[in-house]
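# An overview of the molecular structure
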Amino acid sequence: MENNIIEIKNLKKIFFVAENQIVALDDINLQIEKGSIFGIIGLSGAGKSTLVRMMNYLEKPTCGEVLFEGMDLSKLTEKSLRELRKQIGMIFQNFNLLEQVNVIKNVMFPLEISHMKKEDRIERAKYLLKLVGLSDKEKAYPSQLSGGQKQRVAIARALATNPKVILCDEATSALDPKTTSQILELLKKINREMNVTIVIITHQMSVIESICDRVAIIDNSKIAEIGDVKDIFKNPKTEIGKKLIFGNYVENINELNLSSNGKKIRLAFDGTNSNEPIISKMVLSANSNCNILYANAKEIDGNVFGEMIIELPKDEESAEKMKEYLKKSNVTFWDV
Amino acid sequence: MIFLVLNLNNIINQIISSLDFELYINSTIESIFMIFTSSFIAYLIGIPLGVVLFITGKDSISQNDFLYNILSIIVNIFRSIPFIILLILVMPFTKFVVHTVIGPSAVIPPLVISAAPYIARMVEQSLCEVDKGVIEAAKAMGASNFQIITKVLLVESKPSLLVGAAISITTILGYSAMAGAVGGGGLGDVAIRYGYHRYEQVTMFVTVILLLIMVQIIQYVFMKLAKKSDKRIIN
Ligand SMILES: Nc1ncnc2c1ncn2[C@@H]1O[C@H](COP(=O)(O)OP(=O)(O)OP(=O)(O)O)[C@@H](O)[C@H]1O
Ligand SMILES: [Mg+2]
């Protein structure tokens, strides 16, 4: 209980737009452990941003509770809510820096709001810019920085008030893969060295994979799955989980290859037989060829997870032999 | 050819000798006084009014439909009254404030009353251009609405506010010239009295040129300031 920095209970959010009701979040329950990196993933419009904006009460829930260190945010006055927000940093996809103000003043902004003395503000801002590796850009304006540099400034700014949590809403979505991993490394370092809890919203599974401890998969305003990243990656239980983990999970087999008319089967690899060259052995066992229509696999902790769709040979006998072999090797498969 | 040049020279000399420099200098100073005093006061009213319009607007930081609609209607009413009518309508008020209804000072109250709502709309528009994400970030950092106004909105919209000032002050200049019609002083007054009533075309021409120069200077200075202050432009 005391170990959770953020806890959300039975939360529901409805937006009223003209005559319509949009249920953005429904039946949300989750706990974020102090010092952890928590990921929230889902497709566009799933409700991720709305959820993260509940955590610092930028958006108020329609019903349900948001607890920060056990404290119900709905009980706070506007003023104490503003004080609380100083303990929760936030970074965004579009960086949201003050464009008319230079880098160091951007970092000093939250301190100015907190009425810190000017000399102390400058000292702290310089320290933070050094931490994010931008000491030489103090006097630059945001328009003179690259996306990655802008996000570093935003991180320095978010850290200024010594927050306990940093919320990241698609913080790497506007960055290229290399810059993305640099920013993720920086967040990891902040998490480890400063013991700041990090909440990451993303639609990229790779982000979750590379730094998160736990993950919640949001689909259609609800939590589809929640758990340790390792467990969910090994065995996603929901369609959306599979889709996000294995990429474009093929739902409609007919889309794949309409011209091929042989029998098709879908194989699932659950990480147990990754050392075996299953496919080549299967082909050898039947002494015939098969056609791989689709394959998607991922290696996690040295084990292979994924799926494959193959077209069996036309002659029944070889096809049966292949299926025999798969059964024998404990590979899950089904006709499609 | 030589004859023509001599003749032209003669004409120019004639015009120059007929010019009443003192009249032009005095009326230019009067115009500048009217324009800047009224712009200054109009901005003192227009900026807070524009800020209130912005923050009470839809989905803004302090949405208040009732207040927004009331202010919006008042602003629209004042903006829809032609200046020349307003000038006469507010005469009792003018007399009360500056104790006279003629001369440059008498033009300042109506100028302010007509320009402030105009400026308020310009300010509101400039604030609307500020990135919503930056406002959201400030909120997330725990900024109060007052801090958002002074440290985010007015800072981020500065270049746009300066462009707005070029337009607003030029409009005030136009109105101030119109005030000449009712003895308001300044260049507009000269143009009407000499150019229109006495049909002195040269005087008319010179005042128009002077007004034009003033418009150009205002436009140039504020656009330059706007460009210089805009840190989004890399130079
Ligand atoms: N202020 C609002 N008013 C009305 N509807 C809203 C508002 N904010 C969000 N919504 C709706 O709530 C749903 C969830 O939106 P949200 O922004 O949380 O999605 P998201 O998962 O962050 O998507 P994305 O990946 O595109 O950012 C959407 O249907 C959206 O249209
Ligand atoms: Mg979003």
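Reading guide: rules and limits
Residues numbered from 1 in each chain as written. Chains lettered and ligands numbered in written order. Predicted model: local features only at pLDDT ≥ 70, side-chain atom pairs only at ≥ 80, totals over all residues. Heavy atoms only, no water. Helix = DSSP H or I, 4+ residues; strand = E, 2+ residues; numbered from the N terminus. Rg over C-alpha atoms; globule rule 2.2 N^0.38 Å. Buried < 20%, exposed > 50% of the residue type's maximum accessible area, 1.4 Å probe, protein only. Contact = heavy atoms within 4.5 Å. Areas by Shrake-Rupley, 256 points an atom, 1.4 Å probe, with all protein chains shown as cover. Lys, Arg positive; Asp, Glu negative; His and termini not counted. Charge placed at Lys NZ, Arg CZ, Asp CG, Glu CD. 1 Å grid on protein atoms, 1.4 Å probe; cavity = no way out; pocket = protein on both sides within 12 Å on 5 of 7 lines; lining within 4 Å. Points joined across faces, edges and corners; volume = space filled by probe spheres on them. Nonpolar A, V, L, I, M, F, W, Y, C, P; charged D, E, K, R; others polar. Pairing = 2+ DSSP bridges. Core = buried A, V, L, I, M, F, W, Y, C linked by side-chain atoms within 4.5 Å. Axes fitted to C-alpha atoms, helices over the stretch in contact; angles between N-to-C directions. Buried area = accessible area lost by both parts, 1.4 Å probe. Salt bridge = Lys/Arg side-chain N within 4 Å of Asp/Glu carboxyl O. Polar contact = N/O pair within 3.5 Å; in protein donor to acceptor, adjacent residues only side chain to side chain. Phe/Tyr/Trp six-rings, centres within 6.5 Å; stacked < 30°, edge-to-face > 60°. Near = heavy atom within 4 Å.

## Digging into the overall build of chain B
Tallying secondary structure elements over chain B gives eleven helices and zero strands in all. Its helices and strands taken in sequence order, chain B reads α-α-α-α-α-α-α-α-α-α-α from the N to the C terminus. Against the globule reference of 18 Å for 235 residues, chain B gives a C-alpha radius of gyration of 22 Å, more extended than a compact globule. Oriented by its inertia axes, the alpha-carbon framework of chain B measures out at about 80 × 50 × 25 Å. Counting over 235 residues, chain B shows a buried share of 45%. A fraction of 74% describes how many contacts in chain B between residues 6 or more apart in sequence connect residues 24 or more apart. Total accessible area computed for chain B in this model is approximately 12700 Å², and 70% of it derives from carbon and sulfur atoms. Here chain B holds 15 positive side-chain charges and 13 negative ones, and the gap between their average locations is 4 Å.

## Quick notes on the overall build of chain A
Of regular secondary structure, chain A possesses eleven helices and 14 strands. A burial count over chain A gives 52% of its 336 residues as buried. The contacts in chain A between residues at least 6 apart in sequence include a share of 68% that link residues at least 24 apart. On chain A, roughly 16000 Å² of surface is accessible, and the fraction owed to carbon and sulfur atoms is 45%.

## Describing the layout of surface pockets
Residue and element names in this part refer to chain B. Approximately 500 Å³ is the volume found for the largest pocket. Lining the largest pocket we find 19 residues, and of these Lys58, Asp59, Ser60, Lys132 and Lys139 sit closest to its centre. Contributions of two or more residues to the lining of the largest pocket are made by helix H2 (21-56), helix H6 (104-128) and helix H7 (132-140). The element best represented in the lining of the largest pocket is H7, accounting for five residues. Partitioning the lining of the largest pocket into residue classes produces seven nonpolar, four polar and eight charged.

## Focus on the pairing of strand S10 (residues 222-228) of chain A
Residue and element names in this part refer to chain A. Relative to S10, strand S9 (residues 214-219) is paired through six bridges, and the arrangement is antiparallel. Of the residues in S10, the one forming a bridge with Ala216 is Ile226. Here S9 hands over to S10 after two residues, with Asn220 in that stretch at a positive phi of 50 degrees.

## Brief notes about the nonpolar core
Among the nonpolar cores identified, the biggest contains 81 residues, and A:Ile8, A:Leu51, A:Met55 and B:Leu153 are the most heavily contacted of them. Among the elements that make up this core, the one with the highest residue count is H6(B) (nine residues). Ignoring sequence-local partners within four residues, the contact set of A:Leu51 consists of A:Ile8, A:Leu25, A:Ile28, A:Leu30, A:Ile40 and A:Ile218. Membership of the second largest hydrophobic core comes to 52 residues, among which are A:Ile91, A:Phe95, A:Leu159 and A:Met205.

## Section: the sheet that holds strand S5 (residues 71-72) of chain A
Residue and element names in this part refer to chain A. Reading across the sheet, the four strands line up as S2-S1-S4-S5 and stay open at both edges, with antiparallel pairing between neighbours. The sheet terminates laterally at strand S2 (20-33) and S5, the two strands that pair on one side only. Sheet analysis places strand S4 (residues 63-68) next to S5, joined by two bridges and oriented antiparallel. What sits directly across from Phe68, in S5, is Met71. In the packing of helix H1 (residues 48-55) onto the sheet, the strands contacted are strand S1 (4-17), S2 and S4, and the crossing angle to S2 comes to about 60 degrees.

## Considering the interface of chain B and chain A
Contacts between the two partners involve 23 residues from chain B and, on the opposite side, 24 residues from chain A. For the pair chain B and chain A, the two sides together bury roughly 2100 Å², of which 60% comes from carbon and sulfur. For the pair chain B and chain A, the number of links is two salt bridges. Scanning the region where chain B abuts chain A turns up nine residue pairs in polar contact (both at pLDDT 80 or more). Looking at the side of chain B that touches chain A, the elements with two or more residues in it are H7 and helix H8 (145-156) of chain B. When residues in the side of chain B that touches chain A are grouped by element, the largest group, seven residues, is from H7(B). For the side of chain B that touches chain A, a count of residues per class yields ten nonpolar, five polar and eight charged.

## Things to note about the packing of aromatic side chains
Each aromatic ring pair is specified by the distance between its two centres and by the angle formed by the two planes. All names here are of chain B. Counted according to the given criterion, the structure contains one aromatic pair over all chains. Ring geometry for Phe83 versus Tyr175: centroids 4.7 Å apart, planes at 5 degrees, classification stacked. A residue pair is termed long-range when its members are at least 10 positions apart, and Phe83 in helix H4 (residues 83-89) and Tyr175 in helix H9 (residues 158-178) qualify at 92 residues. Given a relative accessible area of 4%, Phe83 falls into the buried group.

## Side note on the site of ligand 1
Residue and element names in this part refer to chain A. Not every one of the 13 residues close to ligand 1 is listed here, only the nearest: Ser44, Gly45, Lys48, Ser49 and Thr50. Within the contact set of ligand 1, an oxygen atom lies 2.9 Å away from a backbone nitrogen or oxygen of Gly47. The contact in question runs from an oxygen atom of ligand 1 to an N or O atom on the side chain of Ser49, over 2.7 Å. Alone, ligand 1 offers 640 Å² of accessible surface; in the complex the protein occludes 61% of this. Listed by contribution, the elements that provide at least two residues to the shell around ligand 1 are S1, S2 and H1. Among the elements that line the shell around ligand 1, the one with the most residues is H1, at three residues. Looking at the shell around ligand 1, its residues break down into six nonpolar, five polar and two charged.

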